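Here is what each chain is made of, one letter per residue.
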Amino acid sequence: CNESDSLRILDIGMIKKLLYISSLILAALSAISCSKEDASLLTGEGTVIITGIVTDIETGAVIQDIKITFDAYSPKGRLLDTKTSYSSSDGIYTIEADGFTSMLECRLTASDEKNTYSKAEIEISVPWNGTSFNSKNGEFVINDCNFYLQKRNTE
């Protein structure tokens, strides 16, 4: 083993270390760029608009007067807002809530105050980006957030 051989071995070892460090840097940069794409595009206050239809899961018939409760939570789980709506004679409901400035986790609950149908829940994330978000007017719109309710056992 002469001096030039040991220099070659040292160079290969350094090259491996540099490649390893470079791959770590690229992975970190990739993660940063992905999180930028996933970041909220909301500037100012945002509005959430949710619409859907409430139907009987067995018959497909629309159900009127079902109470829809919307609860909006911060990513840390703090309740930010609650709204209530009722399904119309054609089974349609609409929830509109505004004044939000950060990402949300939302829970919609459909409940029948006549106790004919079982309760149902839907969870929704509002990241303020993607195809549901209109950044021009700050609206996050979710259509077809439908509930299919099961009749309660009357026995």
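Basis of the calculations
Residues numbered from 1 in each chain as written. Predicted model: local features only at pLDDT ≥ 70, side-chain atom pairs only at ≥ 80, totals over all residues. Heavy atoms only, no water. Disulfide = S-S within 2.5 Å. Salt bridge = Lys/Arg side-chain N within 4 Å of Asp/Glu carboxyl O. Helix = DSSP H or I, 4+ residues; strand = E, 2+ residues; numbered from the N terminus. Buried < 20%, exposed > 50% of the residue type's maximum accessible area, 1.4 Å probe, protein only. Contact = heavy atoms within 4.5 Å. Polar contact = N/O pair within 3.5 Å; in protein donor to acceptor, adjacent residues only side chain to side chain. Pairing = 2+ DSSP bridges. Axes fitted to C-alpha atoms, helices over the stretch in contact; angles between N-to-C directions.

## Let's talk about the state of the cysteines
In protein structure, a disulfide is the covalent linkage between the sulfur atoms of two cysteines. A full pass over the atoms with the stated rule returns 0 disulfides. A disulfide-free cysteine, Cys145 has its sulfur positioned 9.8 Å from the sulfur of Cys106, the nearest such atom.

## Thoughts on the pattern of salt bridges
Counting across every chain of the model gives 3 salt bridges. In this structure, the salt-bridge partner of Lys67 is Glu113, at a minimum N-O distance of 3.9 Å. Of this pair, Lys67 sits in strand β2 (residues 67-73) while Glu113 sits in the loop between β5 (104-111) and β6 (120-126), and the two are 46 residues apart along the sequence. Its relative accessible area of 54% is what places Glu113 among the exposed residues. With a closest N to O distance of 3.9 Å, Arg107 and Glu121 form a salt bridge. Separated by 14 residues along the polypeptide, Arg107 in strand β5 and Glu121 in strand β6 bring together distant segments of the chain. The network of salt bridges with common partners includes Arg107, Glu121 and Glu123.

## A word on the environment of Ile122
By the element assignment, Ile122 lies in strand β6. Overall, the relative accessible area of 21% leaves Ile122 in the partly exposed class. Residues Ile122 and Asn146 lie 24 residues apart in sequence; the distance between their C-alpha atoms is 9.0 Å. When residues no more than four places from it in sequence are discounted, the contact partners of Ile122 are Cys106, Arg107, Leu108, Cys145, Asn146 and Phe147.

## Regarding the side chain of Ser87
Summarising the element assignment, Ser87 is placed in the loop between β3 (79-86) and β4 (92-100). At a separation of 2.8 Å, a polar atom in the side chain of Ser87 contacts the main-chain carbonyl oxygen of Ile63. Not counting chain neighbours up to four residues away, the residues in contact with Ser87 comprise Val54, Ile63, Gln64, Asp65, Ile66, Ile92 and Tyr93.

## Thoughts on unusual backbone geometry
Even without glycine at this site, Trp128 takes up a positive phi of about 60 degrees. With respect to the helices and strands, Trp128 occurs in the loop between β6 and β7 (133-134). Overall, the relative accessible area of 0% leaves Trp128 in the buried class. Its identity as a non-glycine residue notwithstanding, Asp144 has a phi of 60 degrees, on the positive side. Residue placement: Asp144 occurs in the loop between β8 (139-142) and β9 (147-149).

## A look at the sheet that holds β5
The strand order β3-β2-β5-β6 describes an open sheet built from 4 strands, whose pairing is antiparallel. Of all strands in the sheet, those with a lone pairing partner are β3 and β6, marking the two edges. Across the sheet, the mean angle separating the axes of adjacent strands is 15 degrees when strand polarity is ignored. Strand direction decides the pairing type here: β2 and β3, joined by 7 bridges, are antiparallel. Opposite Ile68, over in β3, you have Ser85 as the bridge partner.

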